[in-house]
Amino acid sequence: MNKLSRRIIGAIPVLLGISFLIFLLMHIAPGDPVSLLLGDDATPADIERTRHEWGLDRPLIVQYWDFLTRAVTGDFGKSLKFNEPVTKLVSERLPATLELAFAALCVAIMIAVPLGVYSAIRHNSLLDHAGMSVALIGVSLPNFWLGIMLIYFLGGQLNWLPVAGRIEYGIEVRSITGLYLLDSVLTGNYAAFWSALQHLLMPAFTLGSALAAIVTRISRSSVLEVMRQDYVTTARAKGLSESTVIWRHILRNALITIVTILGLQLGALLSGSVITETVFSFPGIGDLLIQSISARDYKLTQVLILMFAVTYFVVNLLVDLLYSWIDPRIRF
Amino acid sequence: MGKRVISRRQFLTRTAALGVGAATAPFFLRNGYAASRDRVTIYHSSVADSIHPYNHSSSPIYGDWQHVMEPLIELDYNKKDYVGVLADSWQFQGNKWLFKLKKGIKFHNGAQLTSKDVAFSIEKMRDEKGGSLQAPNFKDVTEVQTPDDLTVIFVTKQPLAIFLDRLENRFILSKVAGDKYGDKLYDNPIGTGPYKFVSYQRGGNMVFTRNDEYWGGKAAIKEVIFRKVTEDAARLAALESGQADFINNVPDHEVARLQKHPRLRIDKVEGLRMFFLAFNMAFKPWDNKLVRQAANYSVDAPAIVKNIFDGIGYPCNGPVGANVIGADPKLKRYPYDPQKAKQLLTQAGFPNGCDIQLYYSAGRYPKDKEVCQVVAAQMVKGGFRVELISQEWALFWDKQGVNGGKLPFYYIGRGSLTDADTLYDQYFRTGTTKRTNYSNPELDKIIEEQQKTSDQKRRVALLQQAGKTIMEEATFIPLYNLADIYGVARNLIWKMRPDEKVLGWDMKIK
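Residues numbered from 1 in each chain as written. Chains lettered and ligands numbered in written order. Predicted model: local features only at pLDDT ≥ 70, side-chain atom pairs only at ≥ 80, totals over all residues. Heavy atoms only, no water.

Another point: the nonpolar core. All names here are of chain B. Trp 286, Met 379, Phe 384, Tyr 411, Leu 423, Tyr 424 and Tyr 480 are the most contacted members of the largest nonpolar core, which totals 74 residues. For this core, the element with the most residues is strand E12 (residues 264-279), which contributes 6 residues. Aside from chain neighbours lying at most four places away, what touches Tyr 480 is Arg 273, Met 274, Phe 275, Ala 301, Ile 304, Val 305, Phe 309, Tyr 314, Pro 315, Cys 316, Val 371 and Tyr 411. Core analysis: the second largest hydrophobic core is formed by 68 residues, Tyr 54, Ala 87, Phe 163 and Leu 492 among them. (Core = buried A, V, L, I, M, F, W, Y, C linked by side-chain atoms within 4.5 Å. Buried < 20%, exposed > 50% of the residue type's maximum accessible area, 1.4 Å probe, protein only. Helix = DSSP H or I, 4+ residues; strand = E, 2+ residues; numbered from the N terminus. Contact = heavy atoms within 4.5 Å.)

Summarising burial for helix H12 (residues 285-294) of chain A: 7 of the 10 residues are buried, a large majority. Within the span of H12(A), buried status applies to Ile285(A), Gly286(A), Asp287(A), Leu288(A), Leu289(A), Gln291(A) and Ser292(A). Turning to H12(A), the residues buried within the fold contact helix H5 (86-121), helix H11 (242-279) and helix H13 (298-326) of chain A together with strand E10 (223-228) of chain B. Immediately beyond the C-terminal end of H12(A), within one or two residues, lies Arg296(A), with a positive phi of roughly 55°.

This part takes up the sheet that holds strand E5 (residues 96-101) of chain B. Residue and element names in this part refer to chain B. Pairing is antiparallel in the open sheet, where 4 strands are placed in the order E4-E5-E7-E6. In this open sheet, the two strands that pair with only one neighbour each are strand E4 (87-93) and strand E6 (141-148). Across the sheet, the mean angle separating the axes of adjacent strands is 15° when strand polarity is ignored. Bridge count between E5 and strand E7 (residues 151-156): 5 bridges; the pairing is antiparallel. Paired with Trp 97 across the bridge in E7 is Phe 154. Each of E5, E6 and E7 touches helix H3 (residues 115-125); the most contacted strand, E6, lies at about 160° to it. (Pairing = 2+ DSSP bridges. Axes fitted to C-alpha atoms, helices over the stretch in contact; angles between N-to-C directions.)

A few words now on the domain arrangement of chain A. Residues and elements named next belong to chain A. Domain assignment breaks chain A into domain 1 (19-72) and domain 2 (94-331). Between domain 1 and domain 2, the C-alpha centre-to-centre distance is 37 Å. Facing 14 residues of domain 1, the contacting portion of domain 2 comprises 10 residues. Taken together, both faces of the contact between domain 1 and domain 2 bury some 1100 Å²; the carbon and sulfur share is 71%. (Domains from an automatic or database assignment. Buried area = accessible area lost by both parts, 1.4 Å probe.)

Below, the discussion takes up the confidence of the model for chain B. Residues and elements named next belong to chain B. Across chain B, the average pLDDT comes to 90, with 93% of residues at 70 or higher. Confidence drops under pLDDT 50 across residues 25-34; counting only partners more than four residues distant or on other chains, this segment forms 27 contacts. Model confidence for the complex: the whole-complex pTM is 0.83, and ipTM, which rates the interface, is 0.81. (pLDDT = per-residue confidence, 0-100.)

Next up on the list: the interface of chain B and chain A. Counting residues at the interface gives 58 residues for chain B and 57 residues for chain A. Our count for the chain B to chain A interface comes out at 2 salt bridges. At the junction of chain B and chain A, the tally comes to 9 residue pairs in polar contact (both at pLDDT 80 or more). Of all the secondary-structure elements, those providing two or more residues to the side of chain B that touches chain A are helix H1 (8-28), strand E1 (39-44), strand E9 (205-210), E10, helix H6 (232-241), helix H12 (393-397), strand E16 (409-414) and helix H13 (420-428) of chain B. Of all the elements, H6(B) adds the most residues to the side of chain B that touches chain A, at 6 residues. Split into classes, the residues belonging to the side of chain B that touches chain A amount to 19 nonpolar, 20 polar and 19 charged. (Salt bridge = Lys/Arg side-chain N within 4 Å of Asp/Glu carboxyl O. Polar contact = N/O pair within 3.5 Å; in protein donor to acceptor, adjacent residues only side chain to side chain. Nonpolar A, V, L, I, M, F, W, Y, C, P; charged D, E, K, R; others polar.)

A few words on the packing of helix H8 (residues 289-297) of chain B against helix H10 (residues 338-347) of chain B. All names here are of chain B. For the pair H8 and H10, interaxial distance at closest approach is 8 Å and the crossing angle is 165°. One way to sum up the angle between H8 and H10 is to call them roughly antiparallel. Between H8 and H10 lies a crossing whose hand is left-handed. Here H8 contributes Leu 290, Val 291, Gln 293, Ala 294 and Tyr 297 to the contact with H10, which in turn contributes Pro 338, Lys 340, Ala 341, Leu 344, Leu 345 and Gln 347. (Parallel < 35°, antiparallel > 145°, perpendicular 65-115°, else oblique. Left-handed = near helix turned anticlockwise from the far one by under 90°.)

Moving on, we get to the packing of aromatic side chains. Evaluation of the coordinates by the stated rule reveals 39 aromatic pairs over all chains. Between Phe138(B) and Phe163(B) the ring centres are 6.4 Å apart and the planes differ by 70°, which places this aromatic pair in the edge-to-face class. Placement of the pair is Phe138(B) in the loop between H3 and E6 and Phe163(B) in helix H4 (residues 163-167), with a sequence separation of 25 residues. When sorted by exposure, Phe138(B) lands in the same class as Phe163(B), which is buried. Residues Tyr297(B) and Tyr334(B) carry aromatic rings whose centres are separated by 5.1 Å and whose planes lie at 85° to one another, so their mutual orientation is edge-to-face. With Tyr297(B) in helix H8 and Tyr334(B) in the loop between strand E13 (313-315) and H10, the pair connects residues that are 37 residues apart, well separated along the chain. Just as Tyr297(B) is buried, Tyr334(B) falls in that class too. Site record: aromatic cluster; members linked through ring pairs are Phe275(B), Phe309(B), Tyr365(B), Trp393(B), Phe396(B), Trp397(B), Tyr410(B), Tyr411(B) and Tyr480(B). Positioned over the ring face of Tyr180(A) is Arg166(A), at 3.7 Å from the centre of the ring. A cation sits over an aromatic face here: Arg364(B) above Trp393(B), 3.9 Å from the ring centre. (Phe/Tyr/Trp six-rings, centres within 6.5 Å; stacked < 30°, edge-to-face > 60°. Lys NZ or Arg CZ within 6 Å of the ring centre and 35° of its normal.)

The following block contains the structure:
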């Protein structure tokens, strides 16, 4: 059995454990979905009746077993708040979050890697200091604050970009992958592409900025470290051109640290999306998670958190696989 | 480093970049201040979370669905009485309510409105397993009869004058559509309303288009778009840039700035959410009437409205706001008089003052923390020593909190309060809830009698009588209603309502 399948099988007990933990925590946490949903008018008798109707008065272990046995068949039940199958809600919204996370990652890479590498190569220059100061600011800015500032200036004052949502009303995208940018290119629908891009810019920048700050610093120190290695001196001594030294010898070796950090930060990106999506009313799973937790929507919260766990697992796995591609000495 | 000289190649690439930038810029600069004559875009903090029209019990969301579907009756806030929408007339006969429907009303699918549609819709509203959250409104209804096409009879367990209040937001769907679509009924909501349903995107847009054959006359605005935007700053930015024509919940501190805006207007209306401080009389010292009166004398609601809400609020004179059915214009609130409060406390056996805890749920209501801090400071002058305790809403509202009768003294709001009965029945009638544990057989009798009375004038008189008892008994500390503050494009005219509903057919563009 190879390493890959061993790791996948190893993940099963972990996920089971997580699902039980979330289930327990959600039910131990005070607050009852029924009284929250029924609101002001409900009497205690109404609340009890509805709890019974929805099966929430059964023993916890029975409810958990019920969840598990259904989950195995792919049936995660219905959301209490939205009254729709959980899988439908999640699958509708997941692509939005993936698109946002991917765009944020692109923003981070496009800003951070060149800036970090350049700062390292020209270290102690003015640009290096400026870049590192910006990175420090970037990492210190709270996500929601940056988001609100962008909304205020680019949306409210300048009216350059839409402040909320994922696409303009009236523009339809035929769904293939659920990622609007990709789908609109595939179907040749450029109006949709443009609208989706406009809606994505501010959230992606907000989400990507903190990541960019971290990656800038990591790239810089990683490149600096590699630059001092003997093989770089050797390469220079061989008379290779500076660009060859940088691209083939320094960058390639510095990349492994950068990829690790990017992989680890993808998880942070997902949790960051919870705040960013709320600020921009971006209909992804982060926004959904906030709503489901405050309504104590047990089933939905359960599945969403499980999904976060699965994503972490998959990302870590991908990072490991990427290692061996970047550095063939690493083998599984 | 040598002289900085720009190479030919650099020059060319930079010029090209500039050119591309300049060419694309106009695409970024969208039309400002849209307010097209045909379309109104509303950014609202609360839009339907589900396409199931009965899967909520919230006033703004009733407003969304009311574009498509209509109720039998609704409250006219000016007349303070109910008026017919789909119902032509109604009668209260003991434990029966008889409704005659208007003739000739058609659904969007062309079908005639009949009593069968009403019975069908109510069955759907009572279907909790199917996801309805409106079933409690029919808990006292034992049977819905449809003797002919235009007559609906609700049989109730006991005479129930307040039933009209419960029917207010119960919207009627087409049974023909129900038979046709089956499980997919809610994906195709078909009502009789002034707008037809176009689309719904979860967490995104809800779109309606005008029903040109509407029985009550065509609306002015052709298309109404709701978008759910929970972030205050985003709604404001959308309004200022013209991405939205209408927003709700403008924060108080932005009002002055927006009022100066050349393209915008601020509209304020007294809201139906009433804020108050509730005592739980199962706890000491609140079982003592003198202490409750002392507490009333030591809280200065007008000062709170003035200083915390910039004067944008309406202190209650009496147990309910002035716009509520059953309000008594002759009643006065307890004046702010800390000396009197101290006297009463001494009389009640607390010459050295008394320790109390005030619970609230920070972040639930506007500036709740500030309000409670000020209340605490005011009460100290009246001889109370107040400990403030904030709890997360789910805990505060739950069985361990308000609804379990576990909090001795708390700050809370009651939304959609149109009829004093709702408040009195829920908070002060023996045994309805555990929220205050107040019990007064005399008051129970008045409330009960009022609930059986069909004559609205007599019912209001009874409610006023109950209000008087409540003030005299000081069963709680009524505070204020806040204003609902809307930001509106200046060329948009609409009929303001106190119930948080935003209705497209009440709008037009100048």
